[in-house]
Amino acid sequence: MSHAPILDIAREKALEKGEGLNQEEILQVLQVPDEDLKELLEIAHETRIKHCGVDVSLEGIISLKTGGCPEDCHFCSQSGLFESPVRAVTLDINELVEAAKQSEKMGAAEFCIVAAVKSPTQQLLDQVAEAVTAIQEEVDISISASLGILTQDQARQLKQMGVSRYNHNFETAKSFFPNVVTTHTWEERKNTLEYVLAEGMETCCGGIIGLGESLEQRAEFAAQLAEIEPHEVPMNFLDPRPGTPFEDRPLVPQGEALRAVAAFRLAMPTAQLRFAGGTELALGDDGTEAGLLGGANAIIGGNYLTTLGRPIEQDREAVDRVLDLGITPVGQKMKSGHGALYDTIKAL
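Residues numbered from 1 in each chain as written. Predicted model: local features only at pLDDT ≥ 70, side-chain atom pairs only at ≥ 80, totals over all residues. Heavy atoms only, no water.

What follows covers the pairing of strand 3 (residues 110-115). Looking down a regular strand, the side chains alternate between one sheet face and the other. Counted residue by residue, strand 3 has 6 buried out of 6 residues, so it is predominantly covered. In strand 3, alternate side chains face the same way, and those of Glu110, Cys112 and Val114 on one face and Phe111, Ile113 and Ala115 on the other are all buried. Relative to strand 4 (residues 142-146), strand 3 runs parallel, the two sharing 5 bridges. What sits directly across from Glu110, in strand 4, is Ser142. Chirality of the crossover, the property in question, places the unit of strand 3, helix 5 (residues 122-138) and strand 4 among those that are right-handed. (Buried < 20%, exposed > 50% of the residue type's maximum accessible area, 1.4 Å probe, protein only. Helix = DSSP H or I, 4+ residues; strand = E, 2+ residues; numbered from the N terminus. Pairing = 2+ DSSP bridges. Right-handed = clockwise from strand over helix to strand, strands pointing away.)

Structure (structure tokens):
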């Protein structure tokens, strides 16, 4: 029976030492044969337990401003440049507070306020400040934000109003980025993250698997994320949206998606790896649990920005099922429940 050499490298480097794999090693993980996938997921899971702990984080997310964005991100139905069904909508403060309450009720520790803009106006920042104050008065939850490209002063304002973490995704590898977005650059996104870090906020930076990138570019993407050491890494899988340039792109197969989860964990042993949009399509009904036993340790609960997720109650149940299986200490064999979940992986 074959045994890919990269498994031994991953076990020694990521699991035992807590060191992220380099780009070449990440690519080897993405190319692991089917017969080694279960062992790969076990190594990624043990790495997560050793370096992140047993907790699984649940986060709620809501869009303050949806649609009408001037950017041309080819996967996004919120762009005002495409003929998509999404139309501009703005929520009021009471709706944001209620959404935060519902997220807290289901066990979420974090609530993210998102706006579909290239960068925030002062008026939008004032709205966010009002929302943060209103939420903090009624809900015990950490607040993060995603408002596009920032200046240093805008990052400072967000920090002062009580935002603890800022999301700004790379989306994909630097070499592939021009195929996905043309109205701003990869470097502009990186600059925003540097401003956020300089103000003492945590960074949240990930992207989307399955935009048309090669496995080599997927490995490049993971390595570039690891280089900036984000606190949180959202993993989205392309959910092709009608009316966008990527509407006909194929879905990521389940086995390929699970390899990506493991690869990102082994590239970033200590990061919070969060399942986000498209997870249900790529991983299937049993895949969320398998992914949580294969390196991920966080979920966005409920719906996403323009697509439907599972009901947040169902996400809560998925987390509970994983925790109920018991967490295997590093170096010991996995319990039978874990194996049963891995055995449900069908479409490799």
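The structure having been displayed, the exposition proceeds.
What follows covers the confidence of the model for the protein. Looking at the protein as a whole, its pLDDT mean stands at 83, while 80% of the residues score no less than 70. Within the model, the stretch residues 84-89 combines pLDDT values under 50 with 16 contacts to residues more than four positions away or in other chains. Here residues 326-348 scores under 50 on pLDDT; set against residues more than four positions off or in separate chains, the count is 48 contacts. (pLDDT = per-residue confidence, 0-100. Contact = heavy atoms within 4.5 Å.)

Bringing unusual backbone geometry into the picture now. Glycine aside, residues mostly have negative phi angles, and peptide bonds mostly take the trans form. Located in the positive-phi region is Glu171, a residue other than glycine, with phi close to 75 degrees. Positionally, Glu171 belongs in the loop between strand 5 (165-167) and helix 7 (186-198). With a phi angle near 50 degrees, Glu229 is a residue other than glycine that sits in the positive phi range. Within the secondary structure, Glu229 is located in the loop between helix 8 (215-228) and strand 8 (232-237). Residue class for Glu229 comes out exposed when judged on its relative accessible area of 61%.

In this section: the pattern of salt bridges. Considering all chains together, one arrives at 19 salt bridges under this definition. Glu138 is the partner of Lys101 in a salt bridge, and the nearest nitrogen-oxygen pair spans 2.8 Å. Of this pair, Lys101 sits in helix 4 (residues 93-105) while Glu138 sits in helix 5, placing them 37 residues apart in sequence. When its relative accessible area of 49% is taken as the criterion, Glu138 is described as partly exposed. Across the pair Lys174 and Glu187 runs a salt bridge, and its minimum N-O distance is 3.1 Å. (Salt bridge = Lys/Arg side-chain N within 4 Å of Asp/Glu carboxyl O.)

Its location among the elements puts Lys13 in helix 1 (residues 5-16). Looking at Lys13, its side chain comes within polar contact range of the side chain of Glu25, at 2.9 Å. For Lys13, the residues in contact, after removing those within four places along its chain, are Gly18, Glu19, Gly20, Leu21, Asn22 and Glu25. (Polar contact = N/O pair within 3.5 Å; in protein donor to acceptor, adjacent residues only side chain to side chain.)

The next subject is the nonpolar core. Ile26 and Phe264 are the most contacted members of the largest nonpolar core, which totals 63 residues. Looking at this core element by element, the count peaks at 9 residues for helix 9 (residues 254-267). In contact with Phe264, not counting residues within four places along its chain, are Ile209, Arg218, Phe221, Ala222, Leu225, Val233, Met235 and Leu273. Ala115, Leu124, Val128 and Val163 belong to the second largest nonpolar core, which has 32 residues in total. (Core = buried A, V, L, I, M, F, W, Y, C linked by side-chain atoms within 4.5 Å.)

Another point: the state of the cysteines. Scanning the model with the defined rule gives 0 disulfides in all. With no disulfide of its own, Cys76 has Cys73 as its nearest cysteine by sulfur position, at a separation of 6.1 Å. For Cys76, a relative accessible area of 21% corresponds to the partly exposed category. Of all cysteine sulfurs in the structure, the one in Cys112 sits closest to Cys204, which takes part in no disulfide; the separation is 6.8 Å. (Disulfide = S-S within 2.5 Å.)

In this section: the packing of helix 3 (residues 37-52) against helix 9. In a packed pair of helices, the relevant descriptors are the angle between the two axes and the axis-to-axis distance. Running from N to C, helix 3 and helix 9 cross one another at 35 degrees; their axes reach a closest spacing of 9 Å. When the axes of helix 3 and helix 9 are compared, the crossing they make is left-handed. Across the interface between the two elements, Leu37, Leu40, Leu41, Ile43, Ala44, Thr47, Arg48 and Cys52 from helix 3 touch Gly255, Leu258, Arg259, Ala262, Arg265 and Leu266 from helix 9. For the contact of helix 3 with helix 9, the residue count by class is 9 nonpolar, 2 polar and 3 charged. (Axes fitted to C-alpha atoms, helices over the stretch in contact; angles between N-to-C directions. Left-handed = near helix turned anticlockwise from the far one by under 90°. Nonpolar A, V, L, I, M, F, W, Y, C, P; charged D, E, K, R; others polar.)

In this section: the environment of Asn179. Within the secondary structure, Asn179 is located in the loop between strand 5 and helix 7. In sequence terms Asn179 and Leu211 are 32 residues apart; their C-alpha atoms lie 9.1 Å from each other. Beyond its immediate stretch of four places on either side in the chain, Asn179 contacts His74 and Phe246.

This part takes up the pairing of strand 8. Buried residues dominate strand 8, accounting for 6 of its 6 residues. The side-chain alternation of strand 8 yields two buried faces, one formed by Glu232, Pro234 and Asn236 and the other by Val233, Met235 and Phe237. Pairing geometry for strand 7 (residues 207-209) and strand 8, over 3 bridges, is parallel. Note that in strand 8 the partner of Gly207 across the bridge is Met235. A crossover links strand 7 with its parallel partner strand 8, the connecting element being helix 8, and its sense is right-handed.

The terminal C-alpha atoms of helix 3, which comprises 16 residues, lie 22 Å apart, in line with the 22 Å expected from a rise of 1.5 Å per residue. Buried within helix 3 we find Leu37, Leu40, Leu41, Ile43, Ala44, His45, Glu46, Thr47, Arg48 and Ile49. Downstream of helix 3 by a residue or two, Gly53 has a phi angle that is positive, lying close to 95 degrees. (Expected span 1.5 Å × (residues − 1).)

Moving on to the side chain of Gln217. Within the fold, Gln217 resides in helix 8. Not counting residues within four places of it along the chain, the set of residues in contact with Gln217 comprises Ala173, Ser175 and Phe176.

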